[in-house]
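# Structural description and commentary
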Amino acid sequence: MCRVETTPAVDAAYGYEDLDDGAARVASRHYWDSEADAYQLEHGEFLGDADFVWSPEGLREADARLLGDVAGRTVLEVGCGAAQCSRWLTSQGARPIAFDMSSGQLRQARIKEGRTGVVVPLVQADATRLPFADASVDLACSAFGAVPFVAEPAAVMREVARVLRPGGRWVFSTTHPFVWCLPDEPDEAGMRIIHSYFDRRSYTEREADGTPSYVETHRTIGDRVRDVVAAGLELLDIVEPEWPEGETRVWGQWGPVRGEYVPSTSIFVTRRPAG
Ligand SMILES: C[S@@+](CC[C@H](N)C(=O)[O-])C[C@H]1O[C@@H](n2cnc3c(N)ncnc32)[C@H](O)[C@@H]1O
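Residues numbered from 1 in each chain as written. Predicted model: local features only at pLDDT ≥ 70, side-chain atom pairs only at ≥ 80, totals over all residues. Heavy atoms only, no water.

### So, the sheet that holds strand β2 (residues 74-78)
Ordered by their spatial adjacency, 7 strands build an open sheet running β4-β3-β2-β5-β6-β10-β9, and the pairing between neighbours is mixed. Edge positions in the sheet fall to β4 (122-124) and β9 (234-239), since each of these pairs with one other strand and no more. Averaged over all pairs of adjacent strands, the angle between their axes in this sheet comes to 20°, without regard to strand direction. Where strand β6 (residues 169-175) lies against strand β10 (residues 265-271), 7 bridges are found, and the strand directions are antiparallel. By the bridge assignment for β10, Thr 175 is matched with Thr 265. Across the face of the sheet, helix α3 (residues 84-91) comes into contact with β2, β3 (95-100) and β5 (139-143) while running at roughly 175° to β3. Against the sheet, helix α4 (residues 103-116) engages β3 and β4, with an angle of about 170° to β4. (Pairing = 2+ DSSP bridges. Helix = DSSP H or I, 4+ residues; strand = E, 2+ residues; numbered from the N terminus. Axes fitted to C-alpha atoms, helices over the stretch in contact; angles between N-to-C directions. Contact = heavy atoms within 4.5 Å.)

### With respect to the state of the cysteines
Counted under the stated rule, the structure contains 0 disulfides. Here Cys 80 is not disulfide-linked; the sulfur of Cys 85 is the nearest cysteine sulfur, at 8.8 Å. Residue classification places Cys 80 among the buried positions, given a relative accessible area of 4%. (Disulfide = S-S within 2.5 Å. Buried < 20%, exposed > 50% of the residue type's maximum accessible area, 1.4 Å probe, protein only.)

### Considering the pattern of salt bridges
In this structure the tally under the stated criterion is 18 salt bridges. The closest approach of N and O atoms between Arg 206 and Glu 17, which form a salt bridge, is 2.8 Å. One end of the pair, Arg 206, is in strand β7 (residues 202-206); the other, Glu 17, is in strand β1 (residues 13-17), and 189 residues separate them in sequence. Here Asp 21 ties to Arg 25 by a salt bridge, and the two come within 2.8 Å at their closest N and O atoms. Residue Asp 21 and its partner Arg 25 are both found in helix α1 (residues 21-47); the two are separated by 4 residues, about one turn of the helix. Note on accessibility: Asp 21 and Arg 25 belong to one class, buried. Members of the salt-bridge network, linked through shared partners, are Arg 200, Arg 219, Asp 223, Arg 226 and Asp 227. (Salt bridge = Lys/Arg side-chain N within 4 Å of Asp/Glu carboxyl O.)

Okay, structure coming up:
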């Protein structure tokens, strides 16, 4: 659920760097503002206008029910993109609030709002500094929003834990940490270990003038568990969706060939302890 192309822009320099949160924010805003239209054109049909798809494997919240009962609940969607998940949540009787850092993605959300007639409160905000009060939402969710792109995912965990009411779930999908080692290819070419799983430097692309233009960050499975626990959350499950039998679709490095052997998505099901 990440970049539109699977290879960097022709003249972009790319590599692995220790990137701070500010630089990651600049890169993500640049990328998602400039690529929002192309991203929705390429993936909008698969994502639907009012559907909750957790990952390119096509796992839907309608089937997985990882958030539990959402009816009547206030649900915060983190890094919502065009807010497709929030529109589905509305259809289930929830009261979603969707936020994203990118004005390009929020503009796309408005376009889909016009198409569906489903209006969701949209907020422009950064997932590492949430403009919401303590214990103000019942549930929080994210389908590949913000988490794979921030240099300090621990800050996202802390912020979401802060705004969640006790007992509320925070469920987020992100790239499976294991695929950090592999080429960004969906077929046999993507089934070679070419990079260290333990290299936490960010994958970064830069414009000719040095401006960071795209970033993806990495945490190992252990890092993610520690970030969740350090934020005071309980870890209930890590779901690794399998590639559906007979599905031939490809999305970047996600596809049937590699998908038969390795997971490419991880979904963390967490909860702020009750009481
Ligand atoms: C892959 S899209 C996921 C959105 C949607 N669920 C989807 O599947 O299209 C990633 C989204 O995360 C947003 N994002 C990246 N960094 C963010 C941050 N620090 N705070 C809030 N949103 C962020 C991007 O603007 C983008 O809309």
